[in-house]
Amino acid sequence: MARRTNGGAAGNGNRDVAGSGGATGNGNREAAVNGPGGNRGAAGNGGTTAAGGTAGRAAAPVDASLWEWLPQAAHEVEVGLRGLLSEASINAHDVTARAKRYESFLEKCRQKGYTEPLRQVTDTVAVRLIMYSATDRERASELVRERFELAEDLDTSERDTASPSRRGYDSTHLVAIAEREDAEHPVAPRGSSLDRYFRTFGGLEIQIRTVAAHAWAEFEHSRRYKGEGYKAVGDLDRLTIDQLFGAAADARHALDEIFVAIDRVLANPAGSAESDHADAAEDGAEEETTAPEVELLDVEALTAYLAHRFPEDSEGSERGVAFALELVQACGLRTVRGLDAELSAIDGAEVRRLMDTSTTVTRVRRLDDELLAVLGEEYIERTASIGNGSRRGDQLRWRYDRLRGKVTVRRRTVTYQLFGADVPADLTGHAIPAVRAVREVARIVATVEGSAQVVRDGAISRLEDLPLEARARPVRLADGTTLWVATALGRRAAERLLEDLLDGAERTDVRVLRNGEPLPTGG
């Protein structure tokens, strides 16, 4: 089934892909990737081609010297796609690229009668991605669609065709004609062999299929499409084999579905529902402290911290560290001490093992992973729109599938302090838990700006009407009125409420510190 086609396929619409068509001896079927034995793209019956050309028509001459650098272009796209998959934390069973042999290229051009062979052959370099599950296949396809300009984009499946014997082939076929100009870390930088390839040839073929679909296609290609034994048996035996291939196709689809189900359980283990690291806090012992000196994070300080925390990983660019600083600040972290306290809740080695990146990543990526492990869905919500990647939110969710419910998050003491001219002297500098901080800030702001200023749906009310599950407690104001403030708040929910109260407090002098670090506000 065609997913979409942008501007028509290069090469007169001819599909030259491994396993394409699935029928015995019907036209030419070029392999997307050569095995150890060399090119695997034998012509079917010769004769008339899929594009309507006639075999034997003279093809235009092609400069053989171009083939001197084509293997390097194939290597670059293979390495680049491995890196893209690793960056998105998508495991591939295999990523293999090949450059078509010069003799094979000429033979194809002769059979097709191409008059502009460099532009019409769209698989001079081709790459195949074998993914473990259908979910990974779709994720990999989306990464390719985001990164490259495509001339052709097809999802092929013969499951629903009229002939039951032809329904096993299932693969995504993409023909890339250029890398998008806005790529932050280009796969085909200017001057590379891959960049030269895009400027010289008509397309780069990318085939993506699951391991189950690959097994079916390889066996079918060997036993039926290319199999001399299949051609030699009688019609009745061929019919039986066709029916068995149809049954194998059904089993293959069932296997793909089971693999997806396993992935879903792994991505959402029992008991992994999002919760704050500290459950609804209770008022505990208070400790009086003085306001600490706070050193705010900047690019230089963060660079030094990343080098200390991730010494084995690559430094990355200054632009990358600036991106990391945006991520950290979006989480409400402003100091090295605050960032380190947040990350101390997890074991970085455990996160590294779960992410299992197959290529070298930067310290910025390691920080991104650890913040994702600590903050989970909240981190995705806060940072999905940061950076140039339009699909960062999706990629964070894919990566979080590896971490959700599997990372040990240690409980740690988190306390809050209030400072400012409107904070009562007997409260200034005392270490208090999150829910107590909410009540005190609500009291202070209501005293200065009026109780209406602090009312928040479901959390703070001037009436005793909050839901029972909020476990509301009364807060007496100096004028005799009462506020009802929810106490069934996890730390994250309490912090969001504190930030909201501080944002709305235009005339109140109150500052909140979390473990000595200023709690951020949007104001």
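Scroll up for the structure.
To start, this report covers the structure provided alongside it. Residue numbering note: each chain is counted from 1, following its sequence as written. Predicted model: local features are reported for residues with pLDDT of at least 70 only, side-chain atom pairs are reported and counted for 80 or more only, and whole-chain, interface and lining totals are derived from all residues. Think of the side-chain values as coming from all heavy atoms in the structure, minus any hydrogens and water.

Right, let's get into the packing of helix α10 (residues 318-330) against helix α13 (residues 363-375). When two helices pack together, their arrangement is captured by the angle between the axes and the distance separating the axes. Axis lines are fitted through C-alpha atoms, for helices just across the contact stretch, and the angle between N-to-C directions can take any value from 0 to 180 degrees. For the purposes of this entry, the term helix denotes a DSSP run of H or I that reaches at least four residues, the term strand denotes a run of E that reaches at least two, and both are numbered from the N terminus. Put simply, α10 and α13 touch, their axes get as near as 9 Å, and they point 15° apart. Our classification of the angle between α10 and α13 gives roughly parallel. Viewed along their axes, α10 and α13 form a crossing whose handedness is left-handed. On α13, the residues that touch G320, V321, F323, A324, L327 and V328 of α10 are V364, L367, D368 and L371. For this scheme, ten residues count as nonpolar: Ala, Val, Leu, Ile, Met, Phe, Trp, Tyr, Cys and Pro. Four count as charged, namely Asp, Glu, Lys and Arg, and the remainder, Gly too, count as polar. For the contact of α10 with α13, the class distribution of residues is 8 nonpolar, 1 polar and 1 charged. Reported orientations rely on four angle classes, namely roughly parallel under 35 degrees, roughly antiparallel over 145, roughly perpendicular from 65 to 115, and oblique for the rest. By the definition used in this description, the sense in which the near helix is turned from the far one sets the handedness, with an anticlockwise turn below a right angle giving left-handed and a clockwise turn giving right-handed. Throughout, a residue-residue contact means that at least one pair of heavy atoms, one from each residue, lies within 4.5 Å.

Okay, helix α6 (residues 211-225) next. For α6, spanning 15 residues, the distance from its first C-alpha to its last is 19 Å, which sits close to the expected 21 Å at 1.5 Å a residue. Partly exposed describes any residue whose relative accessible area lies between the buried limit of under 20% and the exposed limit of over 50%, with all areas from a 1.4 Å probe on protein chains only and scaled to the type maximum. The set of residues buried in α6 consists of A212, A213, H214, W216, A217, E220, H221, R224 and Y225. Turning to α6, the residues buried within the fold contact β3 (125-131), β5 (170-179), β6 (204-210), α7 (228-232) and α8 (235-267). How far a helix is expected to stretch is found by multiplying one less than its residue total by 1.5 Å.

To continue, consider the nonpolar core. Grouped together as the largest cluster of nonpolar side chains are 41 residues, with contacts concentrated most on L81, L129, Y197 and I206. The dominant element in this core, judged by the number of residues it contributes, is helix α1 (residues 70-87), at 7 residues. The contacts of Y197, once residues within four sequence positions are left out, are W69, L70, A73, D123, T124, V125, G203 and L204. Nonpolar cores were defined as sets of buried Ala, Val, Leu, Ile, Met, Phe, Trp, Tyr and Cys residues, with membership established by side-chain atoms within 4.5 Å. Of all hydrophobic cores here, the second largest spans 36 residues; its members include V441, L483, A486 and V510.

Every case where a carboxyl oxygen of Asp or Glu lies within 4 Å of a side-chain nitrogen of Lys or Arg is listed as a salt bridge. Counted according to the given criterion, the structure contains 51 salt bridges. Put simply, R238 and D235 hold a salt bridge, and the shortest N to O gap is 2.3 Å. Here R238 and its partner D235 are both found in helix α8, 3 residues apart, which amounts to about one turn of the helix. For R238, a relative accessible area of 21% puts it in the partly exposed group.

What follows deals with the packing of aromatic side chains. How two aromatic rings sit relative to each other is set out by the distance from centre to centre and by the angle between their planes. In this scheme Phe, Tyr and Trp rings, the latter by its six-membered ring, pair at centre separations within 6.5 Å, and the angle between planes marks the pair as stacked below 30 degrees, edge-to-face above 60, and tilted otherwise. A full pass over the atoms with the stated rule returns 9 aromatic pairs. Ring plane angle 50° and centroid distance 6.1 Å describe the contact between F148 and F198, whose orientation is recorded as tilted. Taken as a pair, F148 in strand β4 (residues 148-157) and F198 in helix α5 (residues 193-200) lie far apart in primary sequence, 50 residues in all. Accessibility expressed as a relative area gives 0% for F148, which makes it buried. F198 sits in the buried class, given a relative accessible area of 8%. On the basis of an interplanar angle of 65° and a centroid distance of 6.2 Å, the ring pair of Y197 and F198 is categorised as edge-to-face. Here Y197 falls in the buried class, since its relative accessible area comes to 0%.

A word on the pairing of strand β8 (residues 416-419). Here β8 shows two buried faces, one formed by Y416 and L418 and the other by Q417 and F419. Whether two strands pair comes down to DSSP finding at least two bridges between them. One ladder, built from 4 bridges, connects β8 with strand β13 (residues 511-514); its direction is antiparallel. Following the sheet pairing, F419 is matched in β13 by R511.

Among the 10 residues of β5, 8 are classified as buried, and the element is accordingly described as predominantly covered. When β5 meets β6, the two strands line up antiparallel, connected through 5 bridges. Bridge pairing in β6 links A176 to L204.

For the rest of this paragraph, the subject is the sheet that holds β8. Strand pairing in a sheet takes place through backbone hydrogen bonds and is either antiparallel or parallel in direction. Here we have 3 strands laid out as an open sheet, ordered β8-β13-β14, and antiparallel in their pairing. The open sheet terminates on both sides in strands that have one partner only, identified here as β8 and β14 (517-518). With 2 bridges joining them, β13 and β14 adopt antiparallel strand pairing. Bridge pairing in β14 places R514 opposite E517.

Moving on, we get to the sheet that holds strand β12 (residues 482-485). Pairing within the open sheet is antiparallel, and its 3 strands lie in the order β10-β12-β11. Edge strands, defined here as strands with exactly one partner in the open sheet, are β10 (460-461) and β11 (473-476).

Looking now at the environment of A151. In this fold, A151 is placed in strand β4. We classify A151 as buried; its relative accessible area is 6%. Along the chain, A151 and E205 lie 54 residues apart, while their C-alpha atoms are 9.9 Å from each other.

Counting through the fold element by element, E495 comes out in helix α17 (residues 491-504). Looking at E495, its side chain comes within polar contact range of the side chain of R514, at 2.7 Å. In contact with E495, other than residues within four places in its own chain, are Y416, R514 and L519. Contacts described as polar in this section are N or O atom pairs within 3.5 Å, which, within protein, must combine one atom able to donate a hydrogen with one able to accept it, while residues neighboring in sequence count only if both atoms come from side chains.

This part covers the packing of helix α9 (residues 299-309) against helix α11 (residues 336-343). For the pair α9 and α11, the least separation of the axes is 11 Å and the interaxial angle reads 30°. Of the two possible hands of crossing, α9 and α11 adopt the one that is right-handed. Of the residues in α11, those in contact with A301, L302, Y305 and R309 of α9 are V336, L339, D340 and L343. The residue makeup of the contact of α9 with α11, split by class, is 6 nonpolar, no polar and 2 charged.

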